[in-house]
Amino acid sequence: MGIPVFVFAGLLVHCVFLASIFDIYFTSPLVHGMTPQQTPLPPPGKRLVLFVADGLRADSLYELDSNGTSRAPFLRSILENTGSWGISHTRVPTESRPGHVALIAGFYEDVSAVAKGWKENPVEFDSIFNESKYTWSWGSPDILPMFAKGASGDHVYTFCYTAESEDFGAQDAAKLDTWVFDHVKSFFNSSRSNQTLYSALNEEKVVLFLHLLGIDTNGHAHRPNSREYKENIRKVDEGVKEIASMLENFYGNDGKTAFILTSDHGMTDWGSHGAGHPSETLTPLIAWGAGVNYPQRVASQFFEDNFLKEWKLENLKRLDVNQADIAPLMASLIGVPFPLNSVGTLPLEYLNNSAHFKAESMFTNAVQILEQFKVKMTQKKETTLSFLFTPFKPLSDSEQINLLKKTRLYIQQEKYDEAESTILLYGFAFVGLIIAFFLLIQTCPWTYYVYCLLPVPVWYAVVKELHVIQDLAVYLLSLPVGQSMGFLLICALGIEILVFSFFYRSTLTIGLLVFAGWPVITQLWVQAKTTALIWILLCMLLGIFPLMPVVGREPNIPLVIATGLLTLLISCSSLSSLCKSKNKYMNNEDLKVQFYQMLSIALSTYVVSSTHDSLQNKQGLPVFNQIISWTTLVSSSVLPLLSPTFLFQRLFSILLSLMSTYLLLSTGYEALFPLVLSGLMFVWINMEQEALQQYGLSLKPKLAVFNFSYATDIMQFRQLHLDDVRRSFFFVFFIVTAFFGTGNIASVNSFDPASVYCFLTVFSPFMMGGLLVLKVVIPFVLVSCAFEAVQVTTQLSSKSLFLIVLVISDIMALHFFFLVKDYGSWLDIGARLCSIVIYGHGTFLDLFQLEVCLVPQTSGKLVMHQCNSASRISHYVLVMSLTIFMMLMNGLAQLLTTKKLELSRKTKHHST
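Structural notes, computed from the coordinates. Nothing here was measured: the structure is a model prediction, and the numbers come from that model. (Residues numbered from 1 in each chain as written. Predicted model: local features only at pLDDT ≥ 70, side-chain atom pairs only at ≥ 80, totals over all residues. Heavy atoms only, no water.)

### Quick look at the overall build of the protein
Counting secondary structure elements, the protein contains 34 helices and ten strands. The proportion of buried residues among the 912 residues of the protein is 57%. Restricting the contact set of the protein to residue pairs at least 6 apart, pairs at least 24 apart contribute 79%. Only carbon and sulfur atoms are counted for the fraction: they give 62% of the accessible area of the protein, which is about 38,000 Å². (Helix = DSSP H or I, 4+ residues; strand = E, 2+ residues; numbered from the N terminus. Buried < 20%, exposed > 50% of the residue type's maximum accessible area, 1.4 Å probe, protein only. Contact = heavy atoms within 4.5 Å. Areas by Shrake-Rupley, 256 points an atom, 1.4 Å probe, with all protein chains shown as cover.)

### Let's talk about the environment of Y108
Checked against the element boundaries, Y108 lands in the loop between α4 (96-105) and α5 (128-131). Of the residues examined, Y108 reaches a relative accessible area of 16% and is grouped as buried. On a C-alpha basis, the gap between Y108 and Q323 in space is 8.7 Å, while along the polypeptide they are 215 residues apart. Of the polar contacts made by the side chain of Y108, one reaches the backbone nitrogen of A324; its length is 3.3 Å. (Polar contact = N/O pair within 3.5 Å; in protein donor to acceptor, adjacent residues only side chain to side chain.)

### Structural notes on the packing of helix α29 (residues 673-692) against helix α31 (residues 765-793)
Relative orientation of the contacting elements α29 and α31 amounts to 10°, with a least axis distance of 10 Å. Classified by the angle between their axes, α29 and α31 sit roughly parallel to one another. Contacts between α29 and α31 involve F673, P674, L677, S678, M681, W684, I685, E688, Q689 and L692 on the former and, on the latter, P779, L782, V783, A786, F787, A789, V790 and T793. Looking at the contact of α29 with α31 residue by residue, the classes come out as 14 nonpolar, three polar and one charged. (Axes fitted to C-alpha atoms, helices over the stretch in contact; angles between N-to-C directions. Parallel < 35°, antiparallel > 145°, perpendicular 65-115°, else oblique. Nonpolar A, V, L, I, M, F, W, Y, C, P; charged D, E, K, R; others polar.)

### A word on the packing of aromatic side chains
Centre-to-centre distance and the angle between the planes together describe a pair of aromatic rings. Counted under the stated rule, the structure contains 41 aromatic pairs. Ring geometry for F739 and F780: centres 5.9 Å apart, planes at 75°, overall edge-to-face. Highlighted residues: F739 in helix α30 (residues 723-740) and F780 in helix α31, separated in sequence by 41 residues. With relative accessibility at 7%, the residue F739 sits in the buried group. With relative accessibility at 2%, the residue F780 sits in the buried group. Sitting over the face of the ring of Y251, R47 holds its NZ or CZ atom 3.5 Å from the ring centroid. (Phe/Tyr/Trp six-rings, centres within 6.5 Å; stacked < 30°, edge-to-face > 60°. Lys NZ or Arg CZ within 6 Å of the ring centre and 35° of its normal.)

Below you can see the structure in the form of structure tokens.
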């Protein structure tokens, strides 16, 4: 059964094709070598205080309580009396690192960073902190260090609490924010006795950054509508008030301090973030102090949403911005150079200054963006053959000079409105050109040779097997025209159903209903009515899961416990049946293994219940439960290898071991999914054995006594039959069902931190990510093991049947390849990749938000809306990843089904 050359070649080809997408489309667009630009006029402020309330939703801050009062009275009084306010629109992925990069550096996270890690700077970039004279920051160890490490010199200082403090199971996560406020106050008090520090604090261009993680942590642990989340907002409001008052007193009310409060991202009602739901992308922005405009009273204002009326803010002008616009705003307020890679546009309405200052600031903003264009154009010119390089005429050197002269003349003539509108027009053109030049790859690096030459050996292999294609063509031509055309049509429709399921999960339900009718339209219903009936029922039952909510489901621990008890009941029935039949193929050691697995199921069920109760009572994760969980996780990978290799006994052992772990990672209805899926897999094996009789093929021994370890005789393998295409399609369909069956598994919104609480509650991104990946993998393993059984029981080599699987998956990949789009925002590109990549300190990166978008309607309510954005690169990446993953799962399935560990052997005595 070993096929190392086949597996290696297949992995190599698909890995190269997968890597090509990242190499071509995910090369860093950032350029370096620009000249810093800052407004020549004196700034209004000497220092800036930036409050980032991590995970704070706009509506949670602005809305009023049921009694008509604000849960943030100080900030409410600021926006009503002394400052400006609005909504900061974030971009996906709505995670902490890209959110803070947009706020502080002014550009949206470099897509090439997905392959380079998130904790530190994957690429060099400038920031407000780097341009400041001094920056002091307090907060999370996941956020602060990345800006300090990216700064030149030694002028960015960080004060962080320990990573262990970020505990989702803690009694009160608001203590994280209290820690920040207390340390800021202590820091300023200590400066009075430290002349060096006191002098530094009184310098110009000083930034104070307070990162407040409590709201985000409480949102993950208790949901945004919880008492804990809302109470945390009150504590942040009180803390901001105290810090603002302390700083005004410290600086003698000099009026030179600018304050900004905002958030890196919001949060869904079910406590997650990462995707494009308005509750995740709409964050608050409140600014006040030096250089900031006062509230602007208006009679009416129009926005598509209905928030102003709900928040009772209809008469206060709402000034919305893009998140990256906050960086140039902060730079303008304290007179530091605009971050070199910033693409933000200065929001003029937030400024309380002269028209001259605004015009100069906008001019500086435009020149800073133009500098990026000039560097990029120079780079392209150097790496492109001269006769192929065509400069962009509207921004040729002469046109740039004329534009700048014209704008400067407007400013000198005090025609500030004309200067600003010219700048805005070409500002957007500059940004568009930067993106365009990034896409127009005209050089030929060595990787291009790999992409061009790799098809040569691939097509060579195809030509060598040309007779197989010819045989298939001859067979199809020998059939009646209607039958052959029908076969091709069914194949095309089947693949399109698979493609469609990447956009609409309900397509899987339709497919399963069609599968349910398979025995009826063939002779299988006559041959094995009982087996066919069970097949129909299980197909319909499994078809319910894709219709369940994708995200946002509330925990249902009783259902998880019921699933554990049901699994235990099934295993008890199996054990009783084996004991009564006195199965000669099982011994006492085998019975002990199954008993240990049943005990593991029982313990997992208890741990889920106990942990949930303990966390509900805010008593944390019991140590005993944590030990049992990790022990179960380790033992579940070993126990199947101790069981007999007879087909159903080994498959049932694999199911019990994986279910014990899956229960610990479940929070609701998904706990039932692997149980129902496995039941269907068991019936599938029986159905395929029955299907062989329709073609007069010889049968293997009865499935009850079939042994995986003896199923490697290549002489017993048969030639491919047309029905094997259907078997391969079934496998691919079940793999896709395993992926999307319990929701959009690849979506960040499908990850509930509560799913790992049986193992740990203290935030550990890589550990949590590993557990999440394990939860995703378990259904794959169950399907792969069943497919391995189908291959050997139907007398097929793994290579033969798996080649058809690769053809089906590669046709799907080709379908998505021609829909790839490499321009636009993160959401357009679909470059939310791989849920094992960790973003900042929040939940996990939504790699593939494939089918569900949530958008606000005119009523102001948030409703589900089906996306039809087929041109996402994530689809191609996902299909290619699945193809590679299926190859790996094929090897793992062979290991799990054929290998047996012997822990004890009797000593052999030899006669002399």
